[in-house]
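Notes for the structure review
Now for the letters of each chain:
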Amino acid sequence: MAQNWNADYATLAKRGFMLGAGLFLLAAAVEIGGHAVGTIPAWGNTLLIDMEIIGLAIGLLSPLIFGVVLPLTE
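Just so we're clear, the structure is a prediction, and the values are computed from it rather than from any experiment.

1. Examining helix 1 (residues 9-37)
In an α-helix, one turn spans 3.6 residues, which is why side chains three or four residues apart end up on the same side. Its 29 residues place the ends of helix 1 42 Å apart at the C-alpha level, agreeing with the 42 Å of an ideal helix rising 1.5 Å per residue. Among all positions in helix 1, only Y9, A13, G16, G20, A27, A28, E31 and G34 are buried.

2. Digging into the packing of helix 1 against helix 2 (residues 42-73)
Taken N-terminus to C-terminus, the directions of helix 1 and helix 2 make an angle of 165°; their axes are 8 Å apart at the nearest point. One element, helix 1, and the other, helix 2, form an angle in the roughly antiparallel class. Once helix 1 is placed against helix 2, the crossing between them reads as left-handed. Tallied by class, residues from the contact of helix 1 with helix 2 come to 22 nonpolar, eight polar and two charged.

3. A word on the side chain of S62
Mapped onto the elements of the fold, S62 is located in helix 2. We classify S62 as buried; its relative accessible area is 9%. Within the structure, S62 has its side chain in polar contact with the backbone oxygen of I58 (distance 2.9 Å). Residues in contact with S62, not counting those within four places in the same chain, are A13, G16, F17 and G67.

Calculation notes
- Residues numbered from 1 in each chain as written.
- Predicted model: local features only at pLDDT ≥ 70, side-chain atom pairs only at ≥ 80, totals over all residues.
- Heavy atoms only, no water.
- Helix = DSSP H or I, 4+ residues; strand = E, 2+ residues; numbered from the N terminus.
- Expected span 1.5 Å × (residues − 1).
- Buried < 20%, exposed > 50% of the residue type's maximum accessible area, 1.4 Å probe, protein only.
- Axes fitted to C-alpha atoms, helices over the stretch in contact; angles between N-to-C directions.
- Parallel < 35°, antiparallel > 145°, perpendicular 65-115°, else oblique.
- Left-handed = near helix turned anticlockwise from the far one by under 90°.
- Nonpolar A, V, L, I, M, F, W, Y, C, P; charged D, E, K, R; others polar.
- Polar contact = N/O pair within 3.5 Å; in protein donor to acceptor, adjacent residues only side chain to side chain.
- Contact = heavy atoms within 4.5 Å.

This is the structure:
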């Protein structure tokens, strides 16, 4: 017998989008600010680029997964 999770998918989609947007904006602000003040080491630049990519992926996939796919599977 299957049990339902009874999740609020709209809230999860909004929070996931905000998490992704926050990651992206934080990484972009630190990168711009770091280059304005001085130089950023290569590992730091790689970390910030990865944060931007992961932020975009989370921000774009959360509404798709929590807003479309999971409600259709119940």
